[in-house]
Amino acid sequence: MTATPTSPDADTPVVLRATGLSVVHRTRSGPLHAVSGVDVELRERRTLALVGESGSGKSSIAKALLRLPPPTTGTVTLDGTDLAALSPRALRALRPRMQMVFQDPVSSLNPRRTVRDLVAEPLDAHPDPSVDRTAVVEQQLEAVGLPVALFGDRRPSQLSGGQAQRVAIARALAAEPRVLIADEAVSALDVSAQATVLNLLRRLTEERGLASLFISHDLGVVRAVSDDVAVLHLGRLCEQGPTEEVLAAPAHPYTAALLAAVPEPGRPLGDSGLLPADPPSPLDPPSGCRFRTRCPFADERCASEVPAQREVTPGRTVACHRPLVPTVGEAVGEAVGETVGKAVGEAVGKAVGTTNG
Ligand SMILES: Nc1ncnc2c1ncn2[C@@H]1O[C@H](COP(=O)(O)OP(=O)(O)OP(=O)(O)O)[C@@H](O)[C@H]1O
Ligand SMILES: [Mg+2]
């Protein structure tokens, strides 16, 4: 059973909703379970961060939302319209409403085209005589802090990484999207270019009423850019909720382990002690909870039963039999949770070298 919490942001319209999303890739070694039973909602003027290790299924989710290719199972609705029910023509007409920005800004732009033409691409794809192409290009470039007089005639090779990413964002905006998906969009940038692009994404999400999905493996970046966070491990959502709450007191041991793995001065890289070994293979994921083989707190139930999403607080859920914080309406869990929670807190605290416990 999936908990359906009443979010404090229940008034903010849901733009894109994915329910029961699964992606199974057919490989020579058999079916690869990249994404399994994921529910996500993107709301207007809000940014949801999707975080997880490499191979956890983040890009597979992004592609499934855009039907590039469609998910193996599950439903995706945009402003209430089921994308699977649309004719190919209707889907093509709707596509510009969902824009994606990729990791490598320079190679995501055609090297032969000028900045001006790159930004105009979405307009040229669906020409509308009532739209002033020159004015739109100027406006979108202005919005990302690149004056057309200085940058309009340049080609991607004549831009810095941060500038190229801003051109990619300006191009996405020219299509007047409802949804913006940024897949590791700042990972290739240095810290100051990262800050510029993150601020820009935050501001534009607010100003343009976008519903944004921000994919990253970097919790520092997630903290800076997102309102809400969804934590993914081996294709399953471990927990989701308001970013500040989740990062301040993670409910899932995997989130705690990811936080503990953030490099800190004085601690050797990768020496958090909480994230042992690589994740298991998505070709043969563990039964029950997919994190159990790496989890210091797993018991028999974790092997036999897939944990359902349980409410922690309104708008926040966790899929764990032994969550680190209490969940709503778990009479038995409360008693167990107290002892387990204390032990976990101490273990996390020890490994992180803080006083979490
Ligand atoms: N087209 C494909 N065919 C087969 N397997 C695939 C395909 N695309 C992705 N996978 C596999 O699906 C799993 C999830 O991959 P995905 O690219 O979604 O991960 P990710 O979280 O985006 O990782 P990264 O942080 O490295 O970008 C991985 O095991 C990957 O090898
Ligand atoms: Mg990826």
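Reading the values: the criteria
Residues numbered from 1 in each chain as written. Chains lettered and ligands numbered in written order. Predicted model: local features only at pLDDT ≥ 70, side-chain atom pairs only at ≥ 80, totals over all residues. Heavy atoms only, no water. Helix = DSSP H or I, 4+ residues; strand = E, 2+ residues; numbered from the N terminus. Buried < 20%, exposed > 50% of the residue type's maximum accessible area, 1.4 Å probe, protein only. Contact = heavy atoms within 4.5 Å. Areas by Shrake-Rupley, 256 points an atom, 1.4 Å probe, with all protein chains shown as cover. Near = heavy atom within 4 Å. Polar contact = N/O pair within 3.5 Å; in protein donor to acceptor, adjacent residues only side chain to side chain. Nonpolar A, V, L, I, M, F, W, Y, C, P; charged D, E, K, R; others polar. Pairing = 2+ DSSP bridges. Axes fitted to C-alpha atoms, helices over the stretch in contact; angles between N-to-C directions.

Undergrad: How do you make sense of the overall build of the protein when you look at a structure like this?
TA: On a plain count of helices and strands, the protein comes out with 12 helices and 12 strands. Per-residue burial over the protein gives 49% buried out of 357 residues. Sequence-distant contacts, at least 24 apart, represent 65% of the contacts inside the protein between residues at least 6 apart. Of the accessible surface of the protein, which amounts to about 16,800 Å², a share of 52% is contributed by carbon and sulfur atoms.

Undergrad: Explain the site of ligand 1 to me, please; I cannot follow it from the model alone.
TA: If you check the shell around ligand 1, you find 13 residues, and the closest are S54, G55, K58, S59 and S60. Between ligand 1 and K58 there is a distance of 2.8 Å, counted from an oxygen atom to a side-chain nitrogen or oxygen. Contact with the protein chains hides 63% of the accessible area of ligand 1, taken as 640 Å² for the molecule alone. Counting only elements with at least two residues in the shell around ligand 1, the list comes to β1 (14-27), β2 (30-43) and α1 (58-65). Here the shell around ligand 1 takes 3 residues from α1, the largest share from any one element. A per-class count over the shell around ligand 1 returns 3 nonpolar, 8 polar and 2 charged.

Undergrad: Can you help me understand the sheet that holds strand β8 (residues 211-216) in this one?
TA: The mixed open sheet is built from 8 strands, whose spatial order is β6-β7-β8-β3-β9-β10-β12-β11. In the strand order of this sheet, the two ends are held by β6 (98-101) and β11 (310-313), each with one partner. Ignoring which end each strand starts from, the neighbouring axes of this sheet average 20° apart. In the sheet, β6 pairs with strand β7 (residues 179-183) via 4 bridges, with the strands oriented parallel. Following the sheet pairing, M98 is matched in β7 by V179. Most of the contacts of α1 go to β8, to which it runs at about 155°, and overall it touches β3 (46-51), β6, β7, β8 and β9 (228-233).

Undergrad: Honestly, the pairing of strand β10 (residues 236-242) in this entry has me stumped. Any pointers?
TA: Successive side chains on a regular strand alternate, one facing one side of the sheet and the next facing the other. Counting buried residues in β10 gives 6 out of 7 residues, a clear majority hidden from the surface. Connecting β9 to the antiparallel partner β10 that follows it, the hairpin turn spans 2 residues, and L234 within it adopts a positive phi of roughly 45°. Pairing between β10 and strand β12 (residues 316-318): 2 bridges, direction antiparallel. Across the sheet, residue Q240 finds its bridge partner in β12, namely T317.

Undergrad: Teacher, can you tell me more about the sheet that holds β2 here?
TA: Sheet strands associate in pairs through backbone hydrogen bonding, adopting either a parallel or an antiparallel arrangement. The strand order across the open sheet built from 4 strands is β2-β1-β4-β5, with neighbouring strands paired in antiparallel fashion. Of all the strands in the sheet, the pair left with one neighbour each is β2 and β5 (81-82). Direction of pairing for β1 relative to strand β4 (residues 73-78): antiparallel, over a ladder of 5 bridges. Each residue of the ladder has a partner; that of A18, found in β4, is V76. Taken strand by strand, α1 contacts β1, β2 and β4, and its axis lies near 115° from that of β1.

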